[in-house]
Amino acid sequence: MSIFVLAAGAARADEPVMISLTIKDHQFEPAEVHAPAGKPIALSVKNLGAIASEFESDALHVEKVIAPGGEAVVHVRPLAPGRYNFFDDFHHATQGFLVVP
Amino acid sequence: MLPSLVIVFREVFEAGLIIGIVMAVTSGVAGRGRWVAGGVAAGVFGACVVALFTRGLSQLFGGSGQELFNACILGFAVLMLGCHNVWMARHGRELAAEMRAAGEAVAAGSKSLAALAAVVTIAVLREGSEVVLFLYGVAAAEGGASIGMLIGGAIGLILGSLVCLLTYMGLVAIPTRYLFGITSTLIALLAAGMAAQAIAFLQQADIFTAFDQTVWDTSWILSDESWLGRALHTLIGYVDQPTAMQLIVYAATLAAITLLMKLFAVPAAQRPHAA
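Residues numbered from 1 in each chain as written. Chains lettered and ligands numbered in written order. Predicted model: local features only at pLDDT ≥ 70, side-chain atom pairs only at ≥ 80, totals over all residues. Heavy atoms only, no water.

Caption draft 1: View of the overall build of chain A. In terms of regular secondary structure, chain A is built from 0 helices and 9 strands. Order of helices (α) and strands (β) in chain A, N terminus to C terminus: β-β-β-β-β-β-β-β-β. Taken across its 101 residues, chain A has 50% of its residues classed as buried. Sequence-distant contacts in chain A: of pairs separated by 6 or more residues, those separated by 24 or more amount to 58%. Element-wise, carbon and sulfur atoms account for 58% of the exposed surface of chain A, whose accessible area totals about 4400 Å². (Helix = DSSP H or I, 4+ residues; strand = E, 2+ residues; numbered from the N terminus. Buried < 20%, exposed > 50% of the residue type's maximum accessible area, 1.4 Å probe, protein only. Contact = heavy atoms within 4.5 Å. Areas by Shrake-Rupley, 256 points an atom, 1.4 Å probe, with all protein chains shown as cover.)

Following this line, the structure appears as structure tokens:
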């Protein structure tokens, strides 16, 4: 089951929309997040697992190693509507989506 | 065992491609074994240090420390590769033609060797820090290094080294008169790919945001995540969804290296045949 995180619409045009997610037991929580189109996004990813993760997405142009217990913020530029995949490059079964309606 | 094998192999494979090229480029240059081995050793040491400080590094510069660090070391590698090609444009032929007695050529050879050893260090550091961090986590989760993890890691290391060896053997099998042109091209493409990757890290850090739209998507033909995609990413900087800025930086790096090689090359009259 996926939980939908609706970003606050009040954010200004150049102010990034903050979205938080965690990695635990090789799962993104939530596994699907939503963000508005045309706005910069800041994804805060917390690794609650015992093993390092490499948060990566080819579509979002991000790649960042997150130590166990660590937290990383990745910046994503304004997006066109679509369904953008991200994953843990150290554990490919760990998959998630950023949905821009 | 399998996760360790896959991760170790993947990272050693990526570093191994670069080491294989460097070994082929420097074949015949005196003392290259020591330089390359030193580069690998420094890279392994650096990898452990970086892995140890990953959390601290990430928190620097408003959370963008990791991106800035990667962009800086990649930028440095690009500079080293570019310098190597420029020095070699002048002296490579003398070296290849066994005219190593020429003092200038020897000096250029050892400068280049130092530059390429630095590139090896950076490649090993980048890939190695991921291996160290990953294996450390696995060991911590399992309450100590397990036999399975160590065997998996060892097999990954051996297979990855094999890729390095095959790259080297494949390149040195090329006849000497073509080798110089081919390795110069490979080094230039390697540099352009690293420059594009460096700019991607700056975009990710939100430092450099111009021209950040995705230009095309070839992930349906060749994904970055496939083995071929990974190999091409390391070798020529292939990305399935490049941004406009990555393409600009890629083209500009290639153009700059090509231009500098032409500018610094030995005048055409002194060469047996043009590059």
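Caption draft 2: View of the interface of chain A and chain B. The interface is formed by 24 residues belonging to chain A together with 33 residues belonging to chain B. Here chain A packs against chain B, burying approximately 2300 Å² in sum over the two surfaces, 50% of which is carbon and sulfur. The largest share of the area that chain A buries against chain B comes from A:His61, A:Arg77 and A:Phe90, three residues that together contribute 27% of it. Between the two partners, chain A and chain B, sit 5 salt bridges. Among the salt bridges present, the one from A:Arg77 reaches B:Asp212, with a minimum N-O distance of 2.6 Å. Broken down by secondary-structure element, the contributors of at least two residues to the side of chain A that touches chain B are β5 (53-57), β6 (62-66) and β7 (71-76) of chain A. Looking at the side of chain A that touches chain B element by element, the count peaks at 4 residues for β6(A). Across the side of chain A that touches chain B, the residue classes tally to 12 nonpolar, 5 polar and 7 charged. (Buried area = accessible area lost by both parts, 1.4 Å probe. Salt bridge = Lys/Arg side-chain N within 4 Å of Asp/Glu carboxyl O. Nonpolar A, V, L, I, M, F, W, Y, C, P; charged D, E, K, R; others polar.)

Caption draft 3: Structural context of the confidence of the model for chain B. In the predicted model, chain B carries a mean pLDDT of 87, and 90% of its residues have values of at least 70. Looking at the elements of chain B, mean pLDDT is at its lowest for helix α3 (residues 54-63) of chain B, recorded as 82, and at its highest for helix α9 (residues 244-264) of chain B, recorded as 95. (pLDDT = per-residue confidence, 0-100.)

Caption draft 4: Representation of unusual backbone geometry within the structure. With an omega dihedral of -5 degrees, the bond running from A:Glu29 to A:Pro30 counts as a cis peptide bond. Its place among the elements puts A:Pro30 in the loop between β2 (27-29) and β3 (32-34). One non-glycine residue, B:Phe211, lies in the positive phi region at around 50 degrees.

Caption draft 5: Structural detail: the pattern of salt bridges. Taken as a whole, this structure holds 9 salt bridges over all chains when the rule is applied. The closest approach of N and O atoms between A:Arg77 and B:Asp206, which form a salt bridge, is 2.8 Å. Here the residue A:Arg77 occupies a position in the loop between β7 and β8 (82-88), and B:Asp206 occupies one in the loop between α7 (176-204) and α8 (227-236), the pair thus bridging two chains. Given a relative accessible area of 23%, A:Arg77 falls into the partly exposed group. The class for B:Asp206 is partly exposed, based on a relative accessible area of 32%.

Caption draft 6: Summary view of the packing of aromatic side chains. All names here are of chain A. Per the stated rule, a full pass over the model turns up 7 aromatic pairs over all chains. Seen from their ring centres, Phe-28 and Phe-86 are 4.9 Å apart, and the 85 degrees between their planes marks the pair as edge-to-face. Pair noted here: Phe-28 is in strand β2 and Phe-86 is in strand β8, with a separation of 58 residues, a long-range link. Summarising the burial analysis for this pair, Phe-28 and Phe-86 share the class buried. Plain terms: the ring middles of Phe-55 and Phe-86 are 5.2 Å apart, the flat faces sit at 40 degrees to each other, and that makes the pair tilted. Here the residue Phe-55 occupies a position in strand β5, and Phe-86 occupies one in strand β8, the gap between them amounting to 31 residues. Of the two residues, Phe-55 and Phe-86, both sit in the buried class. The rings of Phe-28, Phe-55 and Phe-86 are connected pair by pair, giving a single aromatic cluster. A cation sits over an aromatic face here: Arg-83 above Phe-97, 4.0 Å from the ring centre. (Phe/Tyr/Trp six-rings, centres within 6.5 Å; stacked < 30°, edge-to-face > 60°. Lys NZ or Arg CZ within 6 Å of the ring centre and 35° of its normal.)

Caption draft 7: Just the pairing of β5(A), in detail. Residue and element names in this part refer to chain A. In terms of residue burial, β5 counts as a mostly covered element, since 5 of its 5 residues are buried. Because side chains alternate across β5, one face comprises the buried residues Ser-53, Phe-55 and Ser-57, and the other comprises Glu-54 and Glu-56, equally buried. Bridge count between β5 and β6: 5 bridges; the pairing is antiparallel. The residue bridging Glu-54 from the neighbouring strand is Val-65, located in β6. What sits between the antiparallel neighbours β5 and β6 is a turn of 4 residues, in which His-61 has the positive phi angle 60 degrees. Sheet analysis places β5 next to β8, joined by 2 bridges and oriented antiparallel. Note on β8: the bridge partner recorded for Glu-56 is Phe-87. (Pairing = 2+ DSSP bridges.)

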